[in-house]
Amino acid sequence: MVDTTKNTQIYSTWGRKMAKPVNPNVAGKVISKAKRPLLVVGSEILMDEKLVEKTISIAKKGIPVAATGHSITALMNKGIDAKYINVHSLATFLGDAKWGGLDGQGSYDTILFLGHKKYYLDQVLSGLKNFTDLKTLAIERHFMQNATLSFGNLRPEVHLDALDEFIDNI
Amino acid sequence: MSDIPNGLFSIDELENVQITIGKIVGAIEQKAKEEGVEVGPTPKPGISALRDWDYKLLSRYKPVYTPVCDQCCYCTFGKCDLTGNKEGACGINMEAHQARETLLRVITGAAAHSGHGRHILHHLIGLYGRDKPIDVGPSNLLAPNTQAVTGIRPETLGDLEEVMDYVEEQLTQLLATIHAGQEGAAIDFESKILHGGMLDHVGMEVSDIAQISCMGMPKSDPEAPLVEIGMGCIDSSKPVLVVIGHNVAGVTNIMDYIQDHGLEDKMELAGLCCTAIDMTRYQTDRGGKPHAKVIGTLAKELKMIRSGVPDVIVVDEQCVRADVLDEAKKLSIPVITTNEKIMYGLRNRSADRPQDIIDDLSSFKEPGALILDFDVLGQVAPELTLKMSKIRDEMGIKALPSDEDLKELSTKCVMCAACEMDCPDNLPIMEAMKAGVDGDFSKFEYLHDKCIACGRCDQACPKDIPILNMIEQASQKLIREEKGLMRAGRGQISDPEIREEGVNLVLGTTPGIIAMVGCSNYPDGTKDLYRVADEMLKRNYIVVISGCSAMDLGMYKDEDGETLYEKYPAKFLAGNLINVGSCVSNSHITGTAIKVAAIFAQRQVSGNYEEIADYITNRIGAVGVAWGAYSQKASSIASGCNRLGIPVVVGPHGSKYRRALIGKPYNEEDWKVYDARDGSEMPIPSSPEFLLTTAESIEELLPMLAKNCIRPSDNNMGRMIKLTHYMELSQKYLGHMPADWYKFVRTETDLPLAKREDLLKILEKDHGWEIDWKRKKILSGPSMKSDVSAQPTNVKRLCKGEC
Ligand code: SF4
Ligand code: SF4
Ligand code: SF4
């Protein structure tokens, strides 16, 4: 079992309400229980083929994917439901009850993040934390203090193991 | 209204008493009347004068806040935790506080430009007098931002003083609203942000037109000379004088001294940041060749200092690292500060004899000097450089670690990851250290271009490993090859150029203007800029560039060994690449849009900001890109563009500006305007989709640029061209047709000819549109009509029968 909760040193934004560090098995269960989860995937997955594989495995569990940046280039024709959207727009729309979602089926309740630049995602999460009631879950290599739940700061190889365990628990 | 004119007059009975009449209420209107110019409803607008216009923009483009800090510590009631939009002790909530924070940044940026403007104007009036005519090239509309905002049509340097008075007064009013217990509504902070941005463009314009008029800088010249750029173009065997900053006033005295004393071949004069750009514009308007070289952007500052190459450093203002003196001291490089904004605790030597200053600094009695007298500066800086070069040679200054040291330093690393976690881009430093142990330094070389030379890794390392110096030493070969060319800043786009190209811009047959501005805080190195500009230029967009972006663009060459400045001409025509100049030249980008409205469309410009902004919003397909924006100035520049309806995309680091303006394409009611012919409502395409947003990568950015150049006024040919680029760029960089392409189709003639049939099939099959296949016409489906004579406007009073 990978412990992803040890290092929660903060490097970017600051606030009193902070993410709860979470282990992969618990994170997997949170997603399993979500009514309408969304996996938001950033372009950083393109730096590592293994991250692309893990992304596809998560999506194959039936979770729709919002592909931000140019991550969509690795996710097309893979038998998953992935659509391109800009992450700043997405975060804005997520907080709007009138938005129909990427598929017109309505809004989401639990948002999962993978493959983003640390500083960029932290800003996106800051908006969601302060202005929406959404549950956000960061399964990144870095502790994302503005998420509801987050892995801690991890080395790349530990991160990949953690993702495997996460996938097994969905 | 009074009949007393501005100026000096004496009262006979009161001998020796002179009264100066500076401004008279209604003076702008009176002068305009005498000149036969009409003045619009808002000359010199106060904070509330354009509020209605701002509200219109903000109702479509909603502020999106992403706090960097969830607390407020502005006053002693605090710290207040505002998480979740809670209120602080003074009653302000998170939204309003974030808007207030943004306003503070915007007016800080505007104050930096305007402070620069006031300084250089004062300096130039001292040299040339108030009556010195403004001369910016073959234009009648000399100062489009100034005229649209203030109603003043400046003709002389003296006229610009009143413009600066206005800007400064308004900035003070805006600053006052930051105080605790002032504005409480986010929306009104937002309006103030737009006001501050607008003022910024006036302040920048004053700075640049004053220096263009007096300093022999290129005047709307497409043939402005090419300038050497890059760390590799500095001949370090000669004495090297490096200047850093943004205000070229004092540096011109140095340049004159070097020329007058025949020192040009005996030493190197090179610059970092916008002072460098303006040095290369100095005295080049009559075919003169540039008298200085450009090293590069802020991201090269620490690298250049730590290379030990400079013999003397002169700094002026803005974007100068706070540790220049400390860093320089370590390498026995004297530092001269020349502007009250940066004095580094140095003794004021302005009134001292140049020789005494040279003696004191060259004997290291003092590490540097503050010299505010530019004649003294002009002599001291070059003479000290010549002297220091010999002294430093004899001292055998060792700046960077040797190759042998690199290996040893790598072994000191304990792989704690502190550096990587603190690095703003989380660069893979540990991998480089790992390879370095085996004598492989290629991974340090890989870091060189991506590293913005902030030095945070050095500060973080528990083993005191000089990481940045290691990167620089390992990259010496790359650095030697860093040689490029940049076209010197040409200043404004001239009136005749606007007359020629305006129609193509408004109809969309020139697909758009991409304005690449801002700083060097890139997410992934400098080459991204080159890729973006080259792609858009190939597609016939006009690329306008300035400041740090203009420098970095010149660093790369194509397979034929040409930089983009050599490859593409610099006229204001489709497929041209224009460097307008330094940071303050950004005002010429908004100025161009204002000129299209004023000259091509003959809209009244003086004091008529709203109508001009409305015209630009609906008709001019321009998008700003500040891919490496880091500064407060970049946020004020963007806000000034935004008030004119010009959207701006910043790179991912720009998310730390903590606020964006993003539209909702799915909210149909947001995408409607009036047709000024009869005041009826007309639907418009959801473009631009935002006024300020971020993109994650340039692959995402490129299709965004094409899409957000679409405007309601496009004719069929124009829409077809824009749509083609949007679809092609999405396919090329995102691998698929954009999901929303069909929303921009009004008739079959908006579709690219070669793909028309296929696209019609998709429209029928996927979107249920009705097609007449015999005539290949769309019968039903589009949500808007194609009508080139429609007059889209957001402002009801501009509709027929409304006024
Ligand atoms: S300004 Fe208001 S929110 Fe900020 S510290 Fe003071 S009381 Fe608190
Ligand atoms: S100096 Fe370069 S490597 Fe070091 S923290 Fe800054 S960007 Fe990262
Ligand atoms: S901070 Fe220093 S010791 Fe730690 S990994 Fe970086 S270079 Fe090595």
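Residues numbered from 1 in each chain as written. Chains lettered and ligands numbered in written order. Predicted model: local features only at pLDDT ≥ 70, side-chain atom pairs only at ≥ 80, totals over all residues. Heavy atoms only, no water.

A word on the interface of chain B and chain A. On the side of chain A, 40 residues touch chain B, which itself brings 50 residues to the contact. For the pairing of chain B and chain A, the buried interface totals around 3700 Å² over both sides, and the portion due to carbon and sulfur atoms is 55%. The three residues of chain B that bury the most area against chain A are Met421(B), Tyr666(B) and Glu696(B), which together make up 20% of that side's buried surface. Between Asp81(B) and Arg16(A) there is a salt bridge, with the nearest N and O atoms lying 3.4 Å from each other. Between the two partners, chain B and chain A, sit 21 residue pairs in polar contact (both at pLDDT 80 or more). Taken together, the residues of the side of chain B that touches chain A break down into 21 nonpolar, 15 polar and 14 charged. (Contact = heavy atoms within 4.5 Å. Buried area = accessible area lost by both parts, 1.4 Å probe. Salt bridge = Lys/Arg side-chain N within 4 Å of Asp/Glu carboxyl O. Polar contact = N/O pair within 3.5 Å; in protein donor to acceptor, adjacent residues only side chain to side chain. Nonpolar A, V, L, I, M, F, W, Y, C, P; charged D, E, K, R; others polar.)

Right, let's get into the packing of helix H3 (residues 87–94) of chain A against helix H4 (residues 118–131) of chain A. Residues and elements named next belong to chain A. Where H3 contacts H4, the two axes come as close as 9 Å, and the packing angle between them is 15 degrees. Between H3 and H4, the angle falls in the class roughly parallel. Note on packing geometry: the crossing formed by H3 with H4 is right-handed. Along its contact with H3, which presents Val87, Ala91 and Leu94, the element H4 presents Tyr120, Val124 and Leu128. Counted by class, the contact of H3 with H4 contains six nonpolar, no polar and no charged residues. (Axes fitted to C-alpha atoms, helices over the stretch in contact; angles between N-to-C directions. Helix = DSSP H or I, 4+ residues; strand = E, 2+ residues; numbered from the N terminus. Parallel < 35°, antiparallel > 145°, perpendicular 65-115°, else oblique. Left-handed = near helix turned anticlockwise from the far one by under 90°.)

Attention now moves to the domain arrangement of chain B. All names here are of chain B. Here chain B is partitioned into domain 1 (1–33), domain 2 (34–214), domain 3 (226–395), domain 4 (415–465) and domain 5 (488–780). Surface buried jointly by domain 1 and domain 2 totals about 880 Å² across both partners, of which 50% is contributed by carbon and sulfur atoms. Seen at the junction of domain 1 and domain 2, the total is zero salt bridges. (Domains from an automatic or database assignment.)

A separate point is helix H6 (residues 186–214) of chain B. All names here are of chain B. Here H6 spans 42 Å end to end across 29 residues, near enough to the 42 Å set by a 1.5 Å rise per residue. Of all 29 residues making up H6, 28 are buried, and the element is well covered by its neighbours. One or two steps after H6, the chain reaches Gly216, where phi turns positive at roughly 65 degrees. (Expected span 1.5 Å × (residues − 1). Buried < 20%, exposed > 50% of the residue type's maximum accessible area, 1.4 Å probe, protein only.)

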